[in-house]
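# Residue-level structure breakdown
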Amino acid sequence: MKGVQDRRALELTVQPPGGESDKDDEEDLVESALNSGYFVLVEHALDAMDRKVGTIGGFLNTTEGRDKIFKITQYGVRSFCYWFGSRMLEEETEKRMLSLASSCSLTRKFLKLGMQLAIGRLVIRVFSSDVWGRYRDLLETGGYYNPRLSMVDLKKMHPLKRQMSMRRGVLDYNWRRHVKALTTMVTEPKMWLKYLAVGRLSGLFAYFSFDNVIWAIKVKLLYNQDKRKWLRRALLGHVISCFCAMWLNIYQAVKNWRRLLHIRRQLEEHNKILEENIGDYDLGKDSQHWKKQEWLKHHLESVHQKMHNLRVTSFKLLLDVIVSGDVVFQVGLNKKYSALLSLTSALMATRQLWKRIESGKYNPTKIASNLKKSPRLPKDLEPSETYWDFRRISGNVSGSANGRSAAQKKKQKKNGKSSSESRRASKNSRKKQG
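Residues numbered from 1 in each chain as written. Predicted model: local features only at pLDDT ≥ 70, side-chain atom pairs only at ≥ 80, totals over all residues. Heavy atoms only, no water.

## Notes on the overall build of the protein chain
Test applied: In DSSP terms, a helix is any run of H or I states spanning at least four residues, a strand is any run of E spanning at least two, and both are numbered starting from the N terminus. The buried label goes to any residue with under 20% of its type's maximum accessible area, the exposed label to any with over 50%, and the partly exposed label to all in between, with areas taken from a 1.4 Å probe on protein chains only. By the convention used here, residues are in contact when the closest approach between their heavy atoms is within 4.5 Å.
Looking only at helices and strands, the protein chain has 17 helices and zero strands in total. When burial is assessed residue by residue, the protein chain has 29% of its 434 residues classed as buried. Put simply, 71% of the contacts in the protein chain that link residues at least 6 apart link residues at least 24 apart.

Shown next, in the form of structure tokens:
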């Protein structure tokens, strides 16, 4: 009990700064801003000194923040006109407000010009490195790729096939071997995460591309085009992207739920040890026990926050699927409810963006070379097994590149021979026999 009392006494000694120092800072606020060595204009220095003003400025300076403001205005005005316009407004005033909503929609489309270029680059990078790169690795390491053919084999080939083989890395064009590689890619559970990511990015690429066409039709750059047809195409891409993002969120939710249980179990075990030996611990000498407890609580809170963000994002994606799917598949949803659902989605997205900017996690102007990886949980807090590892259940499907099971690897490791050594030994035995 002495350690607990000392800890509480130590916490009570930490007091917030007094009011007099805050008052002095407020009186010297302008002078401190003028003496700043980085800013020239006083409003820029004051903006940097006030966190809330800096968050507002950061929100308004981003294209995404402006888009959220116009989106809230657009669907807020439409919701008000559809629900209360006929009872509270005159007909002319209602038309003007709906015209304002249409102007906000046109401005949002202008702000999205060129977004498909960045999304298209992401699609190419993800597909080439994660999907096509994995396919090439399977051909190379799974026995479906022959990197070295002797000159005798090349001479026996047809001239056209020989030229293709030498130009494309001496691939063996036997369709059965390629079918094996494709089957392995389809049966790997983690590959479906990459397929969903490619689907998400491809849907966004289609949405932004067709949305630019709609903007060109509205400003009379394109004539004799059916705006409704292009709108359905754009929203179909949006539905596909939202659907893929929802499945990715489900994967993350299950993974974080298992993390949450694992960290909570560790925290309970640690607290139990502290309670059993509380009389033997001294705060000054055994502070690492309290540090570990705070460390576990910190990561537990971060996982809680991640799961909350996943729930909010998934609900927003569901609202977007309902609204966009109504236009694409012509379900016939009332425009009152459609506008209200869109307004709810816009408010949720705005709140999430505001939280990111306020916490300093949103900075689109960073140079790519200075980007830092997002913090990850330590290995001690990760669960030992994952729910998508079907190899532990079936034992038939292997996620390794060469198709060996975990039991075979363990047996080979026990014997002390690697795959290259075993192949070399078999080759030498064949030479001796010859």
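Now that the structure has been shown, we can carry on.
## Some words on the environment of A33
Residue placement: A33 occurs in helix α3 (residues 29-34). Along the sequence, A33 and A45 sit twelve residues apart, while their C-alpha atoms lie 5.1 Å from each other. Not counting residues within four places of it along the chain, the set of residues in contact with A33 comprises V42, A45, L46 and M49.

## Focus: unusual backbone geometry
Not every positive phi belongs to a glycine, and K220 is a case in point at roughly 70°. You can see K220 is positioned in the loop between α12 (189-218) and α13 (227-276). In this model, N224 sits at a positive phi of 55°, which is unusual for a non-glycine residue. N224 gets classed as exposed once you look at its relative accessible area, which sits at 81%.

## Looking at the packing of helix α5 (residues 51-61) against helix α15 (residues 335-358)
Heads up, the rule is: To obtain an axis, a line is fitted to C-alpha atoms, over the contacting stretch when the element is a helix, and the angle between two such axes runs from 0 to 180 degrees between their N-to-C directions. For classification purposes, angles smaller than 35 degrees are called roughly parallel, those larger than 145 roughly antiparallel, those between 65 and 115 roughly perpendicular, and all remaining angles oblique. Two helices cross in a left-handed way if the nearer one is turned anticlockwise from the farther one by less than a right angle. They cross in a right-handed way if the turn is clockwise. Under the scheme applied here, ten amino acids are nonpolar (Ala, Val, Leu, Ile, Met, Phe, Trp, Tyr, Cys and Pro), four are charged (Asp, Glu, Lys and Arg), and all others, including Gly, are polar.
At a minimum axis separation of 9 Å, α5 and α15 run at an interaxial angle of 125°. The orientation of α5 with respect to α15, classified from their angle, is oblique. Between α5 and α15 the crossing geometry is right-handed. Between α5 and α15, the contacting residues are R51, K52, T55, I56, G58 and F59 on the first element and T350, L353, W354, I357 and E358 on the second. Its residues placed into classes, the contact of α5 with α15 shows five nonpolar, three polar and three charged.

## Focus on the pattern of salt bridges
When charged atoms on two side chains of opposite charge get close, those side chains can pair. Filter applied, for reference: Each reported salt bridge corresponds to a side-chain nitrogen of Lys or Arg within 4 Å of a carboxyl oxygen of Asp or Glu.
Using the criterion set out here, one finds eight salt bridges in the structure. Across the pair K109 and D211 runs a salt bridge whose closest N-O atoms are separated by 2.7 Å. Taken together, the positions of K109 in helix α7 (residues 91-111) and D211 in helix α12 put the pair 102 residues apart, joining distant regions of the chain. We note that K109, like D211, is buried. For the salt bridge of E188 with R134, the shortest nitrogen-to-oxygen distance reads 2.3 Å. Of this pair, E188 sits in the loop between α11 (175-187) and α12 while R134 sits in helix α8 (residues 115-141), and the two are 54 residues apart along the sequence. In this structure, a network of salt bridges that share partners links the residues E64, D67, K68, R108 and R356.

## Things to note about a positive patch on the surface
Let me state the cut-off plainly: Like charges within 9 Å and nonpolar side chains (Val, Leu, Ile, Met, Phe, Trp, Tyr) within 5 Å are joined into patches, using only residues over 30% in relative accessible area that form no salt bridge. Per-residue accessibility takes into account occlusion by the displayed protein chains alone, with areas from the Shrake-Rupley method and a 1.4 Å probe. For this count, His and the chain ends are skipped, Lys and Arg are scored as positive, and Asp and Glu as negative. By convention, the point assigned to a charge is CZ for Arg, NZ for Lys, CD for Glu and CG for Asp.
Taken together, the side chains of R51, K52, R351 and K355 define a basic patch exposed on the protein surface. Elements with a minimum of two residues in the positive patch: α5 and α15. With relative accessibility at 59%, the residue R51 sits in the exposed group.

## A short note on the side chain of N256
With respect to the helices, strands and loops of the structure, N256 is situated in helix α13. Classification of N256 by relative accessible area gives buried; the value is 4%. Setting aside anything within four residues of it in sequence, one finds N256 in contact with V303, K306, M307 and L310.

## Some remarks on the nonpolar core
One broad trend across soluble globular proteins is that nonpolar side chains are buried collectively. To keep things clear, this is the line we draw: Residues grouped as a nonpolar core are buried Ala, Val, Leu, Ile, Met, Phe, Trp, Tyr and Cys residues, joined through side-chain atoms within 4.5 Å.
The biggest cluster of nonpolar side chains holds 14 residues, and the ones touching the most others in it are I119, Y207, F208, W230 and L235. Every element with two or more residues in this core is listed here: α8, α12, α13 and α14 (287-328). Of all the elements, α12 adds the most residues to this core, at seven residues. When near neighbours in sequence (up to four residues on either side) are disregarded, F208 contacts K112, M115, Q116 and I119.

## Regarding the packing of aromatic side chains
Our working definition: What counts as a ring pair is set by centres within 6.5 Å for rings of Phe, Tyr and Trp (its six-membered ring), and what kind of pair is set by the plane angle: stacked under 30 degrees, edge-to-face over 60, tilted for all other angles. Charge-over-ring contacts are defined here by two conditions on Lys NZ or Arg CZ: a distance within 6 Å of the ring centre and an angle within 35 degrees of the ring normal.
Counting across every chain of the model gives nine aromatic pairs. Both rings, one in W132 and one in Y135, keep their centres 5.3 Å apart while their planes meet at 35°; by these two values the pair is tilted. Taken together, the positions of W132 and Y135, both in helix α8 and three residues apart, correspond to about one turn of that helix. Since its relative accessible area comes to 10%, Y135 is described here as buried. The ring of W230 has R233 lying over it, and the distance from NZ or CZ to the ring centre is 4.6 Å. Between K336 and the ring centre of W83, over which it is positioned, the NZ or CZ distance is 5.6 Å.

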